[in-house]
Amino acid sequence: MADSLLASHPARRHAGDDALQRRLTLVLIYLVLILFSLFILIPFLWPFLSAFTTKPENVSSLYLYWPKSFTLEHFNEAVNGRGQALTLLRNSLLSTVSAVLLALLFASLGGYALSRSDFPLKRLLMFSLLLIQIIPATATVLPLYLIMRQFHMTDSMAGVSVGVAVGQLPFMLWVMKGFVDTVPLELEEAAWLDGATSLETITQVVMPLALPGIGAASILAFNSAWSAFFLPLILLSDSEKFTMPLGLFRSLVAYTNMDYGMLNAMALLYMLPSFLIFLFARQYLIRGTMAGAMAGQ
Amino acid sequence: MTRAQNRFLPLLLFPSLLAIFIFMVLPALWTIYVSFTDMALAGPKALNMTFIGLKNYVRLFSSEDFYHSVVLTLEYSIFTNIGQFVIGIAAALLISRRVFVGKNFLMAVIVLPMVIPGITQALIWSSMLGSQEFGTLNRLLGLINVAPVLWTQAFPMFSIVLVNLWNNSGFAMILFLAGLESIPQELLEAAQMDGASGWQQLLFIKLPLIRYMVLLWLLLNTIGCLGMFDLVYGLTRGGPGNATELLGIYVYNRGFRFYELGFGSAASLILIFMSLALSFLYLRLMRVELD
């Protein structure tokens, strides 16, 4: 591509051609990359436009329009009116936070054990954990629903939290094991000599040192729990317990002449944590996704 | 490691393994059992199911809808694989080893869709792909005099592939970029000295050296396509008709729309085997070793 322009044969190169070619290459690079950026960014125009502005008469709010004026009315309606955004956000926050805490608790203890112990089938176990993680949730959803029903966890926030937490657990165990691996065993041994119990060593020596890693893992876990759509969709039927993605989906399906201004106001409120993560913790997310793709390396 | 410590460790691991077994392994095993019954989600067959042997599988393999769904899923994987590869490798080649104004901005923009929840992506694209001359895509194409089209109805496969490319090309690019940046600079310089053209460098040096990354992304994306649900379901609900009923949506529909847990489980099991085979390949490739 662009390299073919840069890499002409040295013998045939003239100084003037060279500068021109470099400039052409740069123009080409910018052209392609600007197109690519537009492809990514253009879809975001509509939700912001329709959430923050009033539309002219006789125009559908499903499409882009020239705004008449700036307004916060859509947000007002979403939060205080029929959007019920607060209930939906509260449910989302509750299930997400409890899922993340649950996954972190289990994974930090389990990850510690995986890091510090050595048993015959350990590699097989680690391998199986990855294999289990990779199977898509859609493939095992029907019996999962039956199991949840056995435990009376259908139509409950607890069911969603547990399901979402366990869904991330195999990957989190890998990540936490990796972090504990980086904490030298000598530090623990020193603590034992000072008379600390095993649990004290974990909570007061190992975990503080693995904290940056735990932070990164929590952000990753939060983002995927916050986005969870499939599990709540099959488990929840009482709309009082709906999380935000279900609320959005219900509106998207139910109304034909939908007020997309309000719907987009809700969507933006819902996407706020995602945007914050994007702005302030993007690197964690990229590194975490890479680690997920390259687990075992 | 002291003796007391060693006895303590299995206790710490046990809760995690138990939870994973109950909520992830057991459902997979249970799928096998349910697939040999006529269990239903509700009604009389919900409680009094009977063993019907291989009947579900006979019905599944003679079902046109199922084949349709398998073919759709394959098409979806192939098209997204090709599209993501082209976009991902082009962007990675342009960015790699170059310093230019706006590079950080671009890197940020590309990962933006990856952060956004699937259902909001579906919402955003329902406006992009909207009908008449008002849909954003139609308006853009109108600039070059292309007649407006109702994308999700007229070109459902194109629509869901396009959204996938928007969402996931950044991931492909990041993986390819990591591969390209790990190629030793001297190698490329030597090739340049020997007069290798850009295309030759790409075909004979760069692609062979990042083949590992490419294969990795290929398997991950294909497994992702097998399990794909929210992005497509949110946008089309599998429609129009069953034109975008990918395997994941097919399984969901059998179970939760038609209440046929037994039959749906038979389809699930095929899906599980397909993803297991690909996952196994992927883990072997990652050289996760078994003792």
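Note that the coordinates shown come from a computational prediction; the quantities given were computed from them, not determined experimentally.

A. Region of interest: the overall build of chain B. Looking only at helices and strands, one finds 14 helices and zero strands in chain B. Reading the secondary structure of chain B in the N-to-C direction produces α-α-α-α-α-α-α-α-α-α-α-α-α-α. In terms of overall size, chain B is more extended than a compact globule, its C-alpha atoms giving a radius of gyration of 24 Å where 291 residues would be expected to give roughly 19 Å. Dimensions of chain B along its principal axes, counting C-alpha atoms only, are 75 × 70 × 30 Å. For chain B, the residues scored as buried account for 55% of the 291 residues in total. Restricting the contact set of chain B to residue pairs at least 6 apart, pairs at least 24 apart contribute 67%. Surface exposure of chain B reaches about 12700 Å², of which carbon and sulfur atoms provide 68%. Counting 16 positive and 14 negative side-chain charges, chain B places the averaged centre of each group 6 Å from the other.

B. Quick peek at the domain arrangement of chain A. All names here are of chain A. Domain parsing of chain A yields domain 1 (2-71) and domain 2 (77-293). A straight line from the C-alpha centre of domain 1 to that of domain 2 covers 35 Å. With nine residues of domain 1 in contact, the opposing surface of domain 2 contributes eight residues. Of the roughly 690 Å² buried between domain 1 and domain 2, counting both surfaces, carbon and sulfur atoms make up 73%.

C. Here's a closer look at the packing of helix α11 (residues 211-227) of chain B against helix α14 (residues 261-285) of chain B. Residues and elements named next belong to chain B. Direction vectors running N to C along α11 and α14 enclose 165°, while the axes themselves pass 10 Å from each other. Looking at the two axes, α11 sits roughly antiparallel to α14. α11 and α14 meet at a crossing whose hand is left-handed. On α14, the residues touching Tyr212, Leu215, Leu216, Leu219, Leu220, Thr222, Ile223 and Leu226 of α11 are Leu271, Met274, Ser275, Leu278, Ser279, Leu281, Tyr282 and Leu285. Counted by class, the contact of α11 with α14 contains 13 nonpolar, three polar and no charged residues.

D. Layout of the packing of aromatic side chains. Inspection of every chain in the model, using the stated rule, returns 31 aromatic pairs over all chains. Among the aromatic side chains, those forming a connected cluster through ring pairs are Tyr145, Phe229, Phe230 and Phe249 of chain A together with Phe229, Tyr233, Tyr252 and Phe256 of chain B. In this arrangement the basic side chain of Arg282 of chain A is found over the ring face of Phe278 of chain A, its NZ or CZ atom lying 5.0 Å from the centre. Sitting above the plane of the Phe263 of chain B ring, Arg59 of chain B keeps its charged end 3.6 Å from the centroid.

E. Molecular detail of the confidence of the model for chain A. Averaged over chain A, the pLDDT score is 84; the fraction of residues at 70 or greater is 92%. Every residue in residues 1-11 of chain A scores below 50 in pLDDT, and together they form 29 contacts with partners more than four places removed in sequence or on other chains.

F. Here's a closer look at the pattern of salt bridges. All names here are of chain A. Counting across every chain of the model gives six salt bridges over all chains. The closest approach of N and O atoms between Arg82 and Glu77, which form a salt bridge, is 3.1 Å. Note that Asp181 and Lys177 form a salt bridge whose closest N and O atoms lie 2.8 Å from each other. Of the two residues, Asp181 and Lys177 both sit in helix α8 (residues 157-181), four residues apart, roughly one turn of that helix.

G. Molecular detail of the packing of α8 of chain A against helix α11 (residues 211-227) of chain A. All names here are of chain A. Interaxial distance between α8 and α11 falls to 11 Å at its minimum, and their mutual angle equals 160°. Put simply, α8 runs roughly antiparallel to α11. With respect to the hand of their crossing, α8 and α11 are arranged in right-handed fashion. Residues Val164, Gln168, Phe171, Met172, Val175, Met176 and Phe179 of α8 lie in contact with α11, whose contacting residues are Gly213, Ile214, Ala217, Leu220, Ala221, Ser224 and Ala225. Classifying every residue of the contact of α8 with α11 gives eleven nonpolar, three polar and no charged.

What counts, and at which threshold
Residues numbered from 1 in each chain as written. Chains lettered and ligands numbered in written order. Predicted model: local features only at pLDDT ≥ 70, side-chain atom pairs only at ≥ 80, totals over all residues. Heavy atoms only, no water. Helix = DSSP H or I, 4+ residues; strand = E, 2+ residues; numbered from the N terminus. Rg over C-alpha atoms; globule rule 2.2 N^0.38 Å. Buried < 20%, exposed > 50% of the residue type's maximum accessible area, 1.4 Å probe, protein only. Contact = heavy atoms within 4.5 Å. Areas by Shrake-Rupley, 256 points an atom, 1.4 Å probe, with all protein chains shown as cover. Lys, Arg positive; Asp, Glu negative; His and termini not counted. Charge placed at Lys NZ, Arg CZ, Asp CG, Glu CD. Domains from an automatic or database assignment. Buried area = accessible area lost by both parts, 1.4 Å probe. Axes fitted to C-alpha atoms, helices over the stretch in contact; angles between N-to-C directions. Parallel < 35°, antiparallel > 145°, perpendicular 65-115°, else oblique. Left-handed = near helix turned anticlockwise from the far one by under 90°. Nonpolar A, V, L, I, M, F, W, Y, C, P; charged D, E, K, R; others polar. Phe/Tyr/Trp six-rings, centres within 6.5 Å; stacked < 30°, edge-to-face > 60°. Lys NZ or Arg CZ within 6 Å of the ring centre and 35° of its normal. pLDDT = per-residue confidence, 0-100. Salt bridge = Lys/Arg side-chain N within 4 Å of Asp/Glu carboxyl O.

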